[in-house]
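The lines below spell out each chain.
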Amino acid sequence: MLTTRRRFVKKMLALSGYALGLGFSKISLANWIADNFSRQTFSQSITQLFPNQELQKSDRISLKLPRTAENGSVVPITISSTIPDVDTIYILSEKNPVPLIAQFSIDPDLETYLGARFKMQETCDVIVVLKAKDQYYQTRQKVKVTLGGCGG
Amino acid sequence: MKSPFLIFYLFINLIISSSLTWASPEQDRKQILTFYQQIFPELQLAGYAHGVYAIDADAKNSWQAIEEFPPYEFALEEGKELFNRPFNNGARYADCFPNKGIAIAQNYPYWGEQKQTIITLAGAINDCRLQNQASALPYAKGEITKLLAYMAFTSRGQLINTIIPEHSQQALNAYKQGKDYFYQRRGQLNFSCASCHVDNAGKFIRSEILSPALGHTTHWPAYRLNTGEMGTLHRRFMACNKLIRAPIDMAQSPALRQLEFFLSYMANGLPLNGPSTRK
Amino acid sequence: MSTIKIRSKRFAAYTLVRTLIAHPMETGHNKNDATGELIPAHFIQTLTFKHNGKVLSQCQMGYGVSKNPFFSFKIKSAKAGDKVSISWQDNLAYSDTLEHIIP
């Protein structure tokens with residue numbers, strides 16, 4: 001079992017390799033992660049992720065989501081879009097304590113398509129933002145999350 | 001449009017016959033099938049194996065999205081490994097079961113003549129372990145769910161084949177006790193299994209749709225989204241009793257084995273489709 | 001046993017790659033029912049998806065991703081015999097990686 005310090009060093013080394021690949025320094029990636037995955041409101045999250053950016057509403061993003069989540073801990077989503085040159089996909093859940101669920105870079109060799117499963121704390125909108133070069137596009141869809149009757 | 005009077009008539013018929021001791025299991029099964037066919041006229045018999053997903057389209061889409069790459073895959077993989085691993089004495093699970101334990105889940109539970117009791121698959125797994133000097137596994141969750149997942153998987157598509165041996169009054173009694181349990185009101189909320197899963201099948205309880213009891217035994221063990229774990233049918237029975245504020249019968253107790261026997265007989269002819277994912 | 005499973009399927013216009021990962025994705029806000037203690041946060045933070053060694057997607061995620069995470073991607077053109085890989089690292093510095101050959 002690694003000691004805490006060895007584990008920290010190991011983590012920083014791994015993160016630095018990952019970070020350099022992304023063009024971040026290792027410290028700035030760690031900061032980015034800490035900032036964007038901390039508990040905050042949705043509007044704080046948006047301001048932090050997309051400072052001074054207009055998130056244009058687009059009907060070229062399609063989301064497959066349940067109307068009502070069977071269980072808020074596993075909500076399946078499929079995202080696809082006809083917007084060209086998308087390089088990043090962001091998934092947010094408006095009323096989650098940490099609104100940002102995940103961010104994915106998308107290489108041109110990939111279709112603009114993503115499937116994932118995520119947690120929702122309560123009924124709210126799921127917002128997907130796509131970045132294509134220097135433009136940002138968004139769409140949103142409401143998912144109901146209930147406490148359930150007898151699912152237990 | 002289904003007539004509410006007809007449904008009411010059928011339901012009363014079902015309730016009355018459930019209290020008559022001379023209705024045969026086959027009559028019970030046909031009656032309950034007729035009852036459900038009135039409520040769900042478009043649902044084919046095999047469809048009942050999908051439970052509430054057969055009657056709730058939105059939930060079905062969500063479930064199918066998860067079944068694309070279901071979370072029980074890990075339990076299934078481990079189950080196969082565990083199933084093939086020899087005991088300390090060199091024997092294997094395959095030695096305890098017919099057909100080496102492959103594609104046999106549809107024959108459980110069955111009336112065990114020798115032990116004069118209902119043998120469930122989970123019980124048979126532990127019998128095998130005890131015979132080979134391995135300790136019995138807990139019945140609600142954990143390692144047994146992995147073994148059950150593998151055995152259920154090899155049995156997918158097999159039609160449920162619950163037999164009440166004709167000559168055995170004891171087997172028939174066990175069936176009847178299971179049936180009584182199903183229709184018996186209990187607990188603070190004074191519900192029976194039938195209150196929800198027969199009388200109100202297809203209707204909402206708070207925000208959820210109640211599944212018909214027909215087919216309840218087809219899809220176990222199940223990966224439960226709410227616990228993030230694999231669970232057994234008996235674990236679900238226990239949870240249900242807890243939710244209706246009734247005393248909890250323990251997993252694999254005589255009462256729950258009888259209940260499983262009854263439910264499984266009602267589901268004769270339905271295809272097995274475990275392991276599965278449920279909310 | 002790996003924590004990662006990868007499946008792929010080639011269609012005419014794309015290759016679908018799906019992955020399922022065994023990971024608790026613990027938020028750090030849940031309590032152990034038995035002891036009443038908080039279960040420490042333990043969740044994947046970064047994930048990399050590669051095709052023949054080239055990074056096609058890098059993901060930063062939080063504990064809002066479900067337990068036993070699932071992701072799917074579509075590669076525009078891939079051939080039988082191509083390699084894809086999924087690698088992840090979590091907040092406790094555990095990691096895993098798996099390579100899969102497209103059939």
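Above this text is the structure in question.
Owing to the predicted nature of the structure, the values given are computational and were not obtained by experimental measurement.

Asker: I'm lost on the state of the cysteines in this one. Help?
Answerer: Here, disulfide denotes a covalent bond that connects the sulfur atoms of two cysteines. Residues and elements named next belong to chain B. Applying the stated rule across the entire model yields 1 disulfide over all chains. The disulfide partner of Cys 96 is Cys 128, and the S-S distance across this bridge is 2.0 Å. Its S-S torsion of approximately 75 degrees makes the covalent link between Cys 96 and Cys 128 right-handed. Pair noted here: Cys 96 is in helix α5 (residues 93-96) and Cys 128 is in helix α6 (residues 121-131), with a separation of 32 residues, a long-range link. Since its relative accessible area comes to 28%, Cys 96 is described here as partly exposed. With no disulfide partner, Cys 193 has as its closest neighbouring cysteine sulfur the one in Cys 240, 7.3 Å distant. Under the relative-accessibility criterion, Cys 193 is labelled buried at 17%.

Asker: Mind showing me how you'd approach the nonpolar core here?
Answerer: It is characteristic of soluble globular proteins that their nonpolar side chains tend to be buried jointly. Counting residues in hydrophobic clusters, the biggest one holds 76 residues, and the most contacted among them are Phe 35, Tyr 36, Tyr 93, Phe 97, Ile 125, Phe 182 and Val 198 of chain B. Contacts of Val 198 of chain B, omitting those with residues within four sequence positions, involve Phe 11, Leu 14, Ile 32, Phe 35, Tyr 36, Ile 39, Phe 182 and Cys 193 of chain B. Core analysis: the second largest hydrophobic core is formed by 66 residues, Phe 37, Ile 61 and Val 98 of chain A together with Val 65 of chain C among them.

Asker: Where do I start with the sheet that holds strand β6 (residues 229-231) of chain B in this structure?
Answerer: Two pairing modes exist for strands in a sheet, parallel and antiparallel, and in both the strands are linked by backbone hydrogen bonds. Residues and elements named next belong to chain B. With mixed pairing, 3 strands are arranged side by side in an open sheet as β6-β5-β7. Of all strands in the sheet, those with a lone pairing partner are β6 and β7 (276-278), marking the two edges. Ignoring strand direction, the axes of neighbouring strands in this sheet form an average angle of 40 degrees.

Asker: What should I look at first to understand the interface of chain C and chain A in this one?
Answerer: Note on interface size: it is often stated as the accessible area lost on association of the parts. On the chain A side, the residues contacting the 39 residues of chain C number 36 residues. Each partner contributes to the roughly 3200 Å² buried at the junction of chain C and chain A, and carbon and sulfur atoms together form 52% of this total. For the chain C face of the interface with chain A, the top three residues by lost area are Gln 58, Gln 60 and Lys 74 of chain C, together amounting to 21%. The interface formed by chain C and chain A contains 2 salt bridges. Across the salt bridge formed by Asp 109 of chain A and Lys 54 of chain C, the nearest N and O atoms sit 3.1 Å from each other. If you list the elements that add at least two residues to the side of chain C that touches chain A, you get β2 (15-21), β3 (44-51), β4 (54-61), β5 (70-75) and β6 (83-90) of chain C. Classifying every residue of the side of chain C that touches chain A gives 20 nonpolar, 14 polar and 5 charged.

Asker: What's the story with the packing of aromatic side chains in this structure? I'm lost.
Answerer: For any two aromatic rings, the description comes down to two numbers: the centre-to-centre distance and the angle of the planes. A complete count under the given rule lists 24 aromatic pairs over all chains for this structure. One aromatic cluster is present, formed by Tyr 175, Phe 182, Tyr 183, Phe 262 and Tyr 265 of chain B through successive ring pairs. Sitting above the plane of the Tyr 113 of chain A ring, Lys 74 of chain C keeps its charged end 4.2 Å from the centroid. Looking at Lys 74 of chain C, its charged tip hangs above the ring of Tyr 14 of chain C, at a distance of 4.1 Å from the centre.

Asker: What is the right way to read unusual backbone geometry from this model?
Answerer: Across residues other than glycine, the phi torsion is negative in most instances, and most of the peptide bonds are trans. The amide bond that connects Tyr 108 of chain B to the next residue, Pro 109 of chain B, takes the cis arrangement and shows omega of -5 degrees. Take Pro 109 of chain B: it is sitting in the loop between α5 and β1 (110-112). A cis amide bond links Trp 220 of chain B with the next residue in sequence, Pro 221 of chain B, at an omega value of 0 degrees. Residues other than glycine seldom take positive phi values, yet Lys 100 of chain B does so here, at roughly 55 degrees. Taking the relative accessible area as the measure of exposure, Lys 100 of chain B reaches 59% and is therefore exposed. In this structure, Asn 68 of chain C takes a positive phi of about 55 degrees despite not being glycine. Structurally, Asn 68 of chain C can be placed in the loop between β4 and β5. The buried category is assigned to Asn 68 of chain C, whose relative accessible area is 10%.

Asker: Can you walk me through a positive patch on the surface in this structure?
Answerer: All names here are of chain A. Taken together, the side chains of Arg 67, Lys 95, Lys 142 and Lys 144 define a basic patch exposed on the protein surface. Within the fold, Lys 142 resides in strand β9 (residues 135-145). Overall, Lys 142 belongs to the exposed group, its relative accessible area being 53%.

About the cut-offs
- Residues numbered from 1 in each chain as written.
- Chains lettered and ligands numbered in written order.
- Predicted model: local features only at pLDDT ≥ 70, side-chain atom pairs only at ≥ 80, totals over all residues.
- Heavy atoms only, no water.
- Disulfide = S-S within 2.5 Å.
- Helix = DSSP H or I, 4+ residues; strand = E, 2+ residues; numbered from the N terminus.
- Buried < 20%, exposed > 50% of the residue type's maximum accessible area, 1.4 Å probe, protein only.
- Core = buried A, V, L, I, M, F, W, Y, C linked by side-chain atoms within 4.5 Å.
- Contact = heavy atoms within 4.5 Å.
- Pairing = 2+ DSSP bridges.
- Axes fitted to C-alpha atoms, helices over the stretch in contact; angles between N-to-C directions.
- Buried area = accessible area lost by both parts, 1.4 Å probe.
- Salt bridge = Lys/Arg side-chain N within 4 Å of Asp/Glu carboxyl O.
- Nonpolar A, V, L, I, M, F, W, Y, C, P; charged D, E, K, R; others polar.
- Phe/Tyr/Trp six-rings, centres within 6.5 Å; stacked < 30°, edge-to-face > 60°.
- Lys NZ or Arg CZ within 6 Å of the ring centre and 35° of its normal.
- Patch = residues over 30% accessible without salt bridge, like charges linked within 9 Å, V, L, I, M, F, W, Y side chains within 5 Å.
- Areas by Shrake-Rupley, 256 points an atom, 1.4 Å probe, with all protein chains shown as cover.
- Lys, Arg positive; Asp, Glu negative; His and termini not counted.
- Charge placed at Lys NZ, Arg CZ, Asp CG, Glu CD.

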